[in-house]
Amino acid sequence: KAKMHGRSRYVFFEPWMDEVVRIRETTHRELRLAITDCDNQLKVLYQPVFSTITGAVTGVEALLRWDHPVNGIISPDEFIGSAEESGLIEVLGAWVLRKAMHDAADWPGLRIAVNVSPVQMRSRAFADSIVALMAETGIAPGRLELEITETVLMGDFADVADALARLRGIGVTVALDDFGTGYSSLSHIRDIAVDRIKIDQSFVNAIDAGQGMALVEAVVALAKANGLQITAEGVETERELEFLTSLGCHEVQGYLLGRPIGAAGITAILGHAARDGAASTAISYRAA
Ligand code: C2E
Ligand code: MG
Ligand code: MG
Ligand code: MG
């Protein structure tokens, strides 16, 4: 067991460590089952993204949920790491892409953003599978956006960069998610070719506290100077929305404007817009 920590390190296991290993193994086993039972245990919700300029819904972000038979709904933050560790992320990620693109076929013109893991993108089949899904669903490449995080820059980046370059070459766009967090630095947007940055919600939430304003302003200015689109995440207050809009941040996403909902909910919102005009999807729209 000590081997998994690397050849040259010896780890003496304490009882609590056994417990950690046991929980991890249980998660892997249950996740594997969830994937074979995907239509029951896995769900994809969609959170609308709004233009600050027109107020309309410009796209949706696909967000995975695991509806565990005993524990109920589990957030991806709690199991994506496990899926990456066990290699299950490849089939899990492929399932999400397939589901999201099929659902998005009902939403003409809307951008569909899907979070992808670096482990998943390292697979040789990754770019090919997306091209195949486009043929299958009729989704134009320009409607698909892949959300990556700066963790792609760690480790084996060459394969991921190749896959992203190829997909960008046919018109797929790439967003750098959670911008400003972790070990990230502003210089990273020069190391990796992206079309958009998504300002992390921790920055957005700091706007209300006051001290976040200068930082958000600097990030928006830098992104604009680099010709990038900017989406602010986790917008929860009118004050945040107003400030981001005044800076010229292009798009906003957050509980203030709309929580993640099922595919049918998105279809309903778009239906209202078609009937009542864009005003009903305008930024004044507030999902309860
Ligand atoms: P993310 O891509 O940064 O997604 C934004 C997260 O913030 C989502 O959490 C969303 O539900 C939440 N959120 C949106 N608006 C607000 C708000 O106003 N306030 C607050 N407090 N939260 C808000 P969620 O759905 O739990 O997803 C967590 C993370 O899991 C995502 O962060 C993404 O990194 C990852 N993830 C989600 N789905 C997938 C997937 O299909 N594949 C992979 N590899 N990762 C995924
Ligand atoms: Mg995301
Ligand atoms: Mg994010
Ligand atoms: Mg996140």
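The present account deals with the structure reproduced in this document. Just so it is clear, the model here is predicted, and its values are computed rather than measured.

Examined against the element boundaries, E238 turns out to sit in helix 11 (residues 238-247). Sequence separation of E238 and L256 is 18 residues, and the distance between their C-alpha atoms is 7.6 Å.

With that out of the way, let us pick up the coordination of the magnesium ion (ligand 3). Coordination sphere of the magnesium ion (ligand 3), protein contribution only: D177 (OD), D178 (OD), E233 (OE) and E233 (OE), at 1.9 to 2.8 Å. Taken in chain order, the donor set of the magnesium ion (ligand 3) reads D-D-x54-E. The magnesium ion (ligand 2) is placed at 4.3 Å from the magnesium ion (ligand 3), the two being bridged by D177. For D178, a relative accessible area of 27% gives the class partly exposed.

Across its 14 residues, helix 12 (residues 263-276) extends 20 Å between first and last C-alpha, which sits within 8% of the 20 Å expected from 1.5 Å per residue. By the burial criterion, the buried members of helix 12 are I266, I269 and A273. Take helix 12 and look down its axis: the buried residues cluster within an arc of 60°, on one side only. Exposed residues on helix 12 whose side chains face more than 90 degrees from its buried face are A264, A274 and R275.

Here is what the cut-offs are and how they apply
Every chain's residues receive numbers from 1 upward, in the order its sequence appears when written. Numbering of ligands from 1 and lettering of chains from A proceed in the order in which they are written. Local features in a predicted model are, by the rule used here, given only for residues with pLDDT of at least 70; side-chain atom pairs are given and counted only at 80 or more, and totals for whole chains, interfaces and linings are based on all residues. With hydrogens and water stripped out, all remaining heavy atoms of the structure feed into the side-chain values. Numbered from the N terminus, helices here are DSSP runs of H or I no shorter than four residues, and strands are runs of E no shorter than two. Listed donor atoms are N, O and S within 2.8 Å of the metal (Na, K and Ca: 3.2 Å). As water is not included, a site may look incomplete. We call a residue buried when its accessible area falls under 20% of the maximum for its residue type, exposed when it is over 50%, and partly exposed in between, using a 1.4 Å probe and counting protein chains only. The span you would expect from a helix comes to 1.5 Å times its residue count less one. The arc under discussion is defined with respect to the helix axis, by the directions toward the C-beta atoms.

In short, shape yes, function no, at least from these values alone.
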